[in-house]
Amino acid sequence: MAPSNCFNPLCAFFFLSSQVAMVVCLGYFLFDFSWCMAMQTEGPLMLCHHLLCITGLILSLSLGVCGAELSGTIVGSEITNPLLQLRWFLKQTNSYNSRLGAITDFAFVFLFITVRIGVGAWFFVVGMMSDRIMLIFKIGGAALYLISLIFLAQILSFARHKLFGGEGKSRKVPHTSNGVRLQNGTHEHIKSS
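Cut-offs and rules
Residues numbered from 1 in each chain as written. Predicted model: local features only at pLDDT ≥ 70, side-chain atom pairs only at ≥ 80, totals over all residues. Heavy atoms only, no water. Core = buried A, V, L, I, M, F, W, Y, C linked by side-chain atoms within 4.5 Å. Buried < 20%, exposed > 50% of the residue type's maximum accessible area, 1.4 Å probe, protein only. Helix = DSSP H or I, 4+ residues; strand = E, 2+ residues; numbered from the N terminus. Contact = heavy atoms within 4.5 Å. pLDDT = per-residue confidence, 0-100. Axes fitted to C-alpha atoms, helices over the stretch in contact; angles between N-to-C directions. Parallel < 35°, antiparallel > 145°, perpendicular 65-115°, else oblique. Left-handed = near helix turned anticlockwise from the far one by under 90°. Nonpolar A, V, L, I, M, F, W, Y, C, P; charged D, E, K, R; others polar.

Quick word on the nonpolar core
With 13 residues, the main nonpolar core has Phe29, Ile54, Leu57, Leu70 and Ile74 as its most contacted residues. Of all the secondary-structure elements, those providing two or more residues to this core are α1 (9-39), α2 (44-63) and α3 (67-78). With six residues, the single largest contributor to this core is α1. Every residue in contact with Ile74, bar those within four places of it in the chain, is listed here: Cys25 and Leu57.

Digging into the confidence of the model for the protein chain
When pLDDT is low, close inspection of the predicted coordinates is not appropriate. Averaged over the protein chain, the pLDDT score is 83; the fraction of residues at 70 or greater is 78%. Across residues 168-174, where pLDDT falls below 50, the model places 15 contacts with residues more than four positions away in sequence or in other chains. This stretch, residues 179-193, has a pLDDT under 50; its non-local contacts, to residues over four places away or in other chains, come to 46 contacts.

So, the environment of Ser77
Structurally, Ser77 can be placed in helix α3. Judged by relative accessible area, Ser77 falls into the buried class, the value being 11%.

A short note on the packing of α3 against helix α5 (residues 99-129)
Contact geometry for α3 and α5: axes closest at 9 Å, N-to-C directions at 160°. The angle between α3 and α5 falls in the class roughly antiparallel. Judged by the sense of rotation from one axis to the other, the crossing of α3 with α5 is left-handed. Where α3 approaches α5, its residues Glu69, Gly72, Thr73, Gly76 and Ser77 are matched on the opposing element by Val115, Arg116 and Phe123. Looking at the contact of α3 with α5 residue by residue, the classes come out as two nonpolar, four polar and two charged.

Right under this line is the structure:
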């Protein structure tokens, strides 16, 4: 149901659309979080990212607030997801060491930096300055942006390693969706084979 200050059909349409999008995203995050827990495919940082998204979506849906802001955050933070999935499929089919693999990695790094970090910084500042956004959503937004910055450090390290090679031989380790994993407090690189 549209909020009481929404008097025209266009406003009601966009309100309903954002709610439908949030319900679909909530379903995705609940499924993916369950998958990650059951299969132990992700580290604590990605699990924290998922929990923050799930909490934000549940709060937004139950309170009927922050639909546009949260929808924008989801688009910005999940825009690289199809590239991560493509990367996974390329690895599973032994096609990762190809031109398509290189293009996928480049597109992922480029989109992550420009959209999630660049546009995300603008979105973050605007959200923090807004009087309309509740404090709990500002705290959640700050936590999500901090996670994005940590992912950025990991991704830049991966890109540096991919472009310039690493010191000695890389060890093959189970990988997270963004290509690197923190294990025992150390940063490990993945050999792309």
